[in-house]
Amino acid sequence: QVQFVESGGGEVQPGGSLRLSCTASGFLFRAYDMSWYRQAPGKERELVASSTGDRSANYADSVKGRFTVSRDNARKSVHLQMNGLKPEDTAVYYCSTTYQGQDLWGPGTQVTVSS
């Protein structure tokens, strides 16, 4: 079955940096777009960034210029470098893809930005 494992979350002060990683298994990774979503308490899950099979990238307006998504098809992994973190970035971050008509997510990793 499709499976994702996220890592790299933690607690940082405003202006700090984190690098999230997601390792995938159970499908032909290189053929699928990969995305990062996040969900804060009381809010809906939102798309943060995505990486296509040819490694082009798209970003939510709120993170443009601060976050960078990348992927390594050989290692079946996708990463999210987060710089200049703000308190509003606090959320659980999820790795995701659409596989056989279903949106699938990993268990998530917590990111907390607080002074």
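A short tour of the structure in this document, coming up. Here the structure is a predicted model, which means the values were calculated and not measured.

1. Brief notes about the sheet that holds strand 3 (residues 18–25)
Strand order in this open sheet of 4 strands is 1-3-8-7, and the pairing throughout is antiparallel. The strands lining the two open edges of the sheet, one partner per strand, are strand 1 (3–7) and strand 7 (67–72). In this sheet, neighbouring strand axes are inclined to one another by 15 degrees on average, regardless of whether the strands run parallel or antiparallel. Relative to strand 8 (residues 77–82), strand 7 runs antiparallel, the two being bridged by 6 bridges. Across the sheet, the residue bridging to threonine 68 is glutamine 81, located in strand 8.

2. Structural notes on the state of the cysteines
Simply put, the disulfide is a covalent bond whose two ends are the sulfur atoms of two cysteines. Across all of its chains, the model carries 1 disulfide by this definition. Across the disulfide from cysteine 22 sits cysteine 95; the S-S distance is 2.2 Å. With the S-S dihedral at roughly -80 degrees, the linkage between cysteine 22 and cysteine 95 falls on the left-handed side. With cysteine 22 in strand 3 and cysteine 95 in strand 9 (residues 91–99), this pair connects stretches of sequence that are 73 residues apart.

The rules we used
Residues numbered from 1 in each chain as written. Predicted model: local features only at pLDDT ≥ 70, side-chain atom pairs only at ≥ 80, totals over all residues. Heavy atoms only, no water. Pairing = 2+ DSSP bridges. Helix = DSSP H or I, 4+ residues; strand = E, 2+ residues; numbered from the N terminus. Axes fitted to C-alpha atoms, helices over the stretch in contact; angles between N-to-C directions. Disulfide = S-S within 2.5 Å.

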